[in-house]
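Summary of structural features
Spelled out from the first residue to the last, the chains are:
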Amino acid sequence: MQTRIAMWSGPRNISTALMRSFGNRPDCFVTDEPLYAFYLDQTGLDHPGRAETLRHHEADWRKVVERLVGELPDGKTVWYQKHMAHHLLPQVDRGWLASVHNAFLIREPREMLTSLIEFILEPTAEDTGLPRQVEIFELVRGETGRTPPVIDGRDVLENPRRVLAALCERLGIPWTDAMLSWPAGRRATDGAWAEHWYEKVWRTTGFGTYRRKSDAVPESLHGVLDRCEELYQRLAVFRLGASSRDSGNADTSS
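The sections below set out a description of the structure shown in this document.

Procedures and definitions
Residues numbered from 1 in each chain as written. Predicted model: local features only at pLDDT ≥ 70, side-chain atom pairs only at ≥ 80, totals over all residues. Heavy atoms only, no water. Helix = DSSP H or I, 4+ residues; strand = E, 2+ residues; numbered from the N terminus. Expected span 1.5 Å × (residues − 1). Buried < 20%, exposed > 50% of the residue type's maximum accessible area, 1.4 Å probe, protein only. Contact = heavy atoms within 4.5 Å. Pairing = 2+ DSSP bridges. Axes fitted to C-alpha atoms, helices over the stretch in contact; angles between N-to-C directions.

1. Some details on helix α6 (residues 130-144)
- Helix length check: α6 (15 residues) gives 21 Å between terminal C-alpha atoms against 21 Å at 1.5 Å per residue, within 8%.
- Where α6 is concerned, the buried positions are Leu 130, Pro 131, Gln 133, Val 134, Ile 136, Phe 137 and Val 140.
- Close packing links the buried residues of α6 with β1 (3-9), β4 (101-106), α5 (109-116), β5 (150-152) and α11 (222-236).
- Directly beyond the C-terminal end of α6, a positive phi value near 75° is found at Gly 145.

2. Concerning the environment of Val 140
- Tracing the chain through its elements places Val 140 in helix α6.
- Among the residues examined, Val 140 registers a relative accessible area of 11% and is labelled buried.
- When neighbours within four sequence positions are excluded, Val 140 is seen to be in contact with Asn 102, Gly 145, Arg 146 and Pro 148.

3. Some details on the sheet that holds β5
- Spatial ordering of the open sheet is given by β2-β3-β1-β4-β5, a layout of five strands whose pairing is parallel. Among the strands making up the open sheet, the edge pair consists of β2 (28-32) and β5. Going across the sheet, the axis of each strand differs from the next one's by a mean of 20°, ignoring polarity.
- Of the pairings in the sheet, the one linking β1 to β4 comprises four bridges and is parallel in character. Following the sheet pairing, Ala 6 is matched in β4 by Asn 102.

In structure tokens form, the structure reads like this:
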């Protein structure tokens, strides 16, 4: 049995650490943000590593999607595809989502925004990926009649075994303790932008400890925060393996 997992995240989350976790499974191949070159090409944004990304990665979304739903690489049975949700621009046909298991990684908006402004001074709601995450979630739920799995970065850091075991069960793949740690260093599967973004991840050997951010969101972004909070809650009620902080509002079933 072959399982293709499209994990839809936003920036300033634990998405790369989660990719490391899946990449340490002996049955799993990972792909790092396969639509990033397409996104940069279409938007013209000058992100760190833009030139390297466009030089080394495919910018035609049709070719990218054809590969993502094709044969699994290296004889593996699980294919973990790490996506930033906002890379899925409107012109990309959504039909291919039916060929993968869609899952969602979210982060509390206040903490995410106060981290994001270190890189984007005036981020919009779209920059957080949340609008696109909700769009994909509702599309998949509507077409399948099933609720896709949702995990929260904080929940993963507080209890990675519980949350990731629940995620694996929902994805129909076996749990393995190999997902709890990994060797330090870069990977051949890291995107061409990794040199600009992954230095801290290269030093990790497992999930870090959750530390609450107390920074205030600037007043100019209160409208963005309100919009993001509303979007976040639409997904957060379905969190797997949620901690006791608000488990009464989350799907804690595994």
